[in-house]
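Chain residues, written in single-letter form:
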Amino acid sequence: MPDPVPMGRADVNIEQGPVDVTNTIDVQTVVVDPGHGGHDVGAVGRQGIMEKDVNLGVAKELRRYLERESDLKVVLTRDDDSHVELPDRAEIANSSDGDLFLSLHCNSWFNDGAHGLETYFLSPAKSDWAKSVEAAENQAGMPAGQEPDDIEFIVWELVQNRFISSSSQLAEIIQGEVTRDLGLPDRGVRQAGFRVLVGAYMPAVLIELGFLSHSQEERRLGDRDYQRELAKAIGDALLTYRELVTAEETAEARDD
């Protein structure tokens, strides 16, 4: 089983281009991406629970929660069992004038003891485990034998580098609050080159909600009440992040 990662900001490793950390973010619109869908079912647990269904269930609950508890606008990249290509998901976020982008997924591993939550932001993968998760998610839904376009990936990665500080900060808040609120094993914040995050012109993270290969976690992930609890915890973390960046902007305005 992959070793858990301790809490604390991930060590960002940028190999291409400068990082612009001067972005000011006014969070009004959150775009939530339920990973997989349609013929691309994603991971499947031993009890038959499919990743695409868990992702969509949590995304819908998250939209309900945020629209009820805040004035945020929430856009889903899909709200039914349809297939959306990876580049199109980021394009939906951009065309919706999104301020934050969250892609929801579930993990799976050959060792059925692996369990817990992971949150990723876009940067070159630094561990074999992150590389394996990256490869699985980037290949999802693509025709057999076809590989992601590396040239396009590199170009868009330079764009995402502008938001890497905000993305890593968002990932830390989500990982810390969700694991604490739900008592989940904390597998930490990681970095990887997820294609679905590459085109998003905003802070973007990918959340692995749990392991469908773990029998108890699979049962929880398939339970509507637990999906609602996950959504609430993620939603509260997003509101924490929003309050934080708003406070930072207010402080900067006073200093000016």
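Whatever comes next refers back to the structure up there.
Note that the coordinates shown come from a computational prediction; the quantities given were computed from them, not determined experimentally.

The rules behind the values
Residues numbered from 1 in each chain as written. Predicted model: local features only at pLDDT ≥ 70, side-chain atom pairs only at ≥ 80, totals over all residues. Heavy atoms only, no water. Buried < 20%, exposed > 50% of the residue type's maximum accessible area, 1.4 Å probe, protein only. Helix = DSSP H or I, 4+ residues; strand = E, 2+ residues; numbered from the N terminus. Pairing = 2+ DSSP bridges. Phe/Tyr/Trp six-rings, centres within 6.5 Å; stacked < 30°, edge-to-face > 60°. Lys NZ or Arg CZ within 6 Å of the ring centre and 35° of its normal. Core = buried A, V, L, I, M, F, W, Y, C linked by side-chain atoms within 4.5 Å. Axes fitted to C-alpha atoms, helices over the stretch in contact; angles between N-to-C directions. Contact = heavy atoms within 4.5 Å.

Novice: Describe the pairing of strand β4 (residues 117–122), naming the residues involved and giving the relevant values.
Specialist: The element β4 is largely enclosed, with a buried count of 6 among its 6 residues. Here β4 shows no split at all, with Leu117, Thr119 and Phe121 on one side and Glu118, Tyr120 and Leu122 on the other all buried. Taken together, the 5 bridges between β4 and strand β5 (residues 186–192) define a ladder with parallel strand orientation. Looking across to β5, one finds that Tyr120 is bridged to Arg190.

Novice: Go over unusual backbone geometry with me, naming the residues and quoting the values.
Specialist: Unlike most non-glycine residues, His36 shows phi in positive territory, near 65°. Among the structural elements, His36 can be located in the loop between β1 (29–34) and α1 (51–69). For His36, a relative accessible area of 6% corresponds to the buried category. For Asp97, which is not glycine, the phi torsion reads 55° and is therefore positive. Under the relative-accessibility criterion, Asp97 is labelled exposed at 60%.

Novice: Describe the packing of aromatic side chains, listing the residues and the values that go with them.
Specialist: Tallying each qualifying case throughout the model produces 3 aromatic pairs. Centroid distance Trp109 to Phe110: 4.8 Å. Interplanar angle 40°. Geometry classified as tilted. A relative accessible area of 25% places Trp109 in the partly exposed class. Ring centres of Tyr120 and Phe194 lie 5.0 Å apart, and the angle between their planes is 90°; on these two criteria the pair is classed as edge-to-face. Here Tyr120, found in strand β4, pairs with Phe194, found in the loop between β5 and α6 (195–198); they are 74 residues apart in sequence, far enough to count as distant. With respect to class, Tyr120 is no different from Phe194; both count as buried. Arg220 extends its terminal NZ or CZ atom over the ring of Tyr226, reaching a point 5.7 Å from the ring centre.

Novice: Any chance you could break down the nonpolar core for me, citing the residues and the numbers?
Specialist: Membership of the largest hydrophobic core comes to 43 residues, with the highest contact counts inside it found for Leu102, Ile174, Ile207, Leu209, Ile234 and Leu238. Residue assignment for this core shows that the elements contributing at least two residues are β1, α1, β2 (73–76), β3 (100–107), β4, α5 (164–182), β6 (204–211) and α8 (224–255). Ranked by the residues each element gives to this core, the list is headed by α8, at 10 residues. Judged by nonpolar contacts, the second largest core, of 17 residues, contains Ala90, Phe194, Val198 and Ala204.

Novice: Outline the sheet that holds β2, supporting the account with residue identities and numerical values.
Specialist: Whether parallel or antiparallel, the strands of a sheet pair through hydrogen bonds between backbone atoms. Ordered by their spatial adjacency, 6 strands build an open sheet running β2-β1-β3-β6-β4-β5, and the pairing between neighbours is mixed. What marks the edges here is a single partner per strand, and that holds for β2 and β5. Across the sheet, the mean angle separating the axes of adjacent strands is 25° when strand polarity is ignored. Pairing of β1 with β2, which is carried by 4 bridges, proceeds in the parallel orientation. Bridged to Val31 within β2 is Val75. Most of the contacts of α1 go to β3, to which it runs at about 145°, and overall it touches β1, β2, β3 and β6.

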